[in-house]
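# Structural description and commentary
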Amino acid sequence: MTENNLSRKLGFWAALAIGVGTTVGSGVFVSAGEVARAAGSPTMAVLSWLLGGIIIIPQMLVLGELATAYPENGSGYVYLSEAGSRPLAFLYGWATFLALDPPSISILSLAAVSYLGFFIPGLGGLTGKFVAVGLVLVFTAIHYRSVQGGGSLQVLLTGAKILPFAVVVGLGLYYLNLNNLFHVPAAVASSSLSDRLFGGISATSWAYVGMTSICYMTGEVRDPGKTMPRALVGAALVVMALYSLVSLAVMGVMPFDKVLASEAPIADALNYMPAFSGMGPKFVSCAAVIVILGSLSSCIMYQPRMQYAMAKDGMFFKIFEHVHPRYETPDRSILIQVGYGILLVFLSDLVTLLGYLTLVYLLMNMLIFGSIIFCRRKADYRPAFRTPAWRLMTAVSVLGCGWMAYGTFLWAPVQGLVAAALVVVTGLPAFYYWDRKRTKTLTPAA
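The protein chain carries the name Fructoselysine transporter, APC superfamily in an unreviewed UniProt entry, which gives Aminomonas paucivorans DSM 12260 as its organism. Quoted verbatim from the Subcellular location (unreviewed entry) field of the UniProt record, the comment on the protein chain reads "Membrane".

Below you can see the structure in the form of structure tokens.
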């Protein structure tokens, strides 16, 4: 191993766990009610979760091809660069570092503390923030010292976070009441089926975000030609099955009018299961802590690889490309990003503000999925896996991401445009600075 190269130490299960572990977060506990209200009936709610997952599969197929064509760390930065758009590639990496990846570390750590507060009264304020920092530091120490150890931890945490959902599904199917599933409220009986389905699928979209995270670490995956497509599609199938079955369990045991009125439908559904009656809030709070910690661990593990890849390419601060000589991890990239995330723990209002850059992220993802069109035109393009019906899959991927971007724009149009302008105004000068330095480095002396 050279000074700034990372070794391939992650197998299929670790790659799958990173994808599933990043995606399945606390949002599903709230999304179950939002999807039900948008879909208008129990069966449409379950169908929305199923179709929402199916729509994600084309995106995983496209990324599976790109990841095997360019089996290195960096995800969208690499794919957009290879497609011939280095400025857009840089802006993607710039935006993830500026206001997407490190803020997610602070948000997840604070969310974990908020659920821990259910068991530890008074855990809030400044004390809660220090506990959040402590959680971040624990996972940082693990991922700093070992990629293999971090991968094994991620497999363990992902299994642990699936277990509570498996309990809900098992009990829900046991106590299933078919009358609940086929009840259609009179208020929505005459409404458009297509509108309800569209609304339901839209409400599931955010719960499926995160499966592409393993692409950040493709350069550390063993046999990426086989592992990456399987891990990406496998993550989509696992998460789709999990969400659909949880929805089926909730809708099957709980009267639909109660689901619509509930702010925590999974917790309330447990009250309709005799084995868990009265224990819903405690069970869900415990499950949420496990789920969030799994996502926090995953983010600390994969996110620093983006800026490591950029620095290695000469397009970011050189310090980010350093690899620990013993642990073989991008040590300084990990420490800097985690340090930034910890700073944001104490500036939570800023984290909320920076969330508006989500629109930028989604627009960039549309370009990443579309980059396969330009990559396929290159003479040296030789992926180990090729997307079936790739034109259709690419179109579905771009349109699906555009759908989410449109919904985000409607939520905060002015803030989203301001955030996009901020990325461009700050990112383009930075790009031209590093691009000139890179060009001088690559140009042989006369």
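Here we come to the packing of helix 15 (residues 280–302) against helix 16 (residues 304–312). It is the contact of helix 15 with helix 16, at a shortest axis distance of 5 Å, that shows an interaxial angle of 5°. On the basis of their axis angle, the class for helix 15 and helix 16 is roughly parallel. Residues C299, I300, M301 and Y302 of helix 15 form the contact with helix 16, whose participating residues are P304, R305 and M306.

All right, on to the side chain of E65 then. Checked against the element boundaries, E65 lands in helix 3 (residues 42–69). For E65, the residues in contact, after removing those within four places along its chain, are I372, R376, Y381, P383, F385, R386 and T387.

Moving on to a nonpolar patch on the surface. Taken together, the side chains of L126, F130, L343, F346 and L347 make up a nonpolar region of the molecular surface, amounting to roughly 480 Å² of accessible area. Examined against the element boundaries, L126 turns out to sit in helix 7 (residues 125–145).

At a minimum axis separation of 9 Å, helix 19 (residues 358–375) and helix 20 (residues 390–411) run at an interaxial angle of 170°. Between helix 19 and helix 20, the interaxial angle falls into the category roughly antiparallel. Counting all contacts with helix 19, which are made through T358, L359, L362, L363, N365, M366, F369, G370, I372 and I373, the residues of helix 20 involved are W390, T394, S397, V398, C401, G402, M404, A405, T408 and F409. Here the contact of helix 19 with helix 20 is composed, by residue class, of 13 nonpolar, seven polar and no charged.

Conventions and cut-offs
Residues numbered from 1 in each chain as written. Predicted model: local features only at pLDDT ≥ 70, side-chain atom pairs only at ≥ 80, totals over all residues. Heavy atoms only, no water. UniProt positions renumbered as here; feature names shortened; annotations may be inferred. Axes fitted to C-alpha atoms, helices over the stretch in contact; angles between N-to-C directions. Helix = DSSP H or I, 4+ residues; strand = E, 2+ residues; numbered from the N terminus. Parallel < 35°, antiparallel > 145°, perpendicular 65-115°, else oblique. Contact = heavy atoms within 4.5 Å. Patch = residues over 30% accessible without salt bridge, like charges linked within 9 Å, V, L, I, M, F, W, Y side chains within 5 Å. Areas by Shrake-Rupley, 256 points an atom, 1.4 Å probe, with all protein chains shown as cover. Salt bridge = Lys/Arg side-chain N within 4 Å of Asp/Glu carboxyl O. Nonpolar A, V, L, I, M, F, W, Y, C, P; charged D, E, K, R; others polar.

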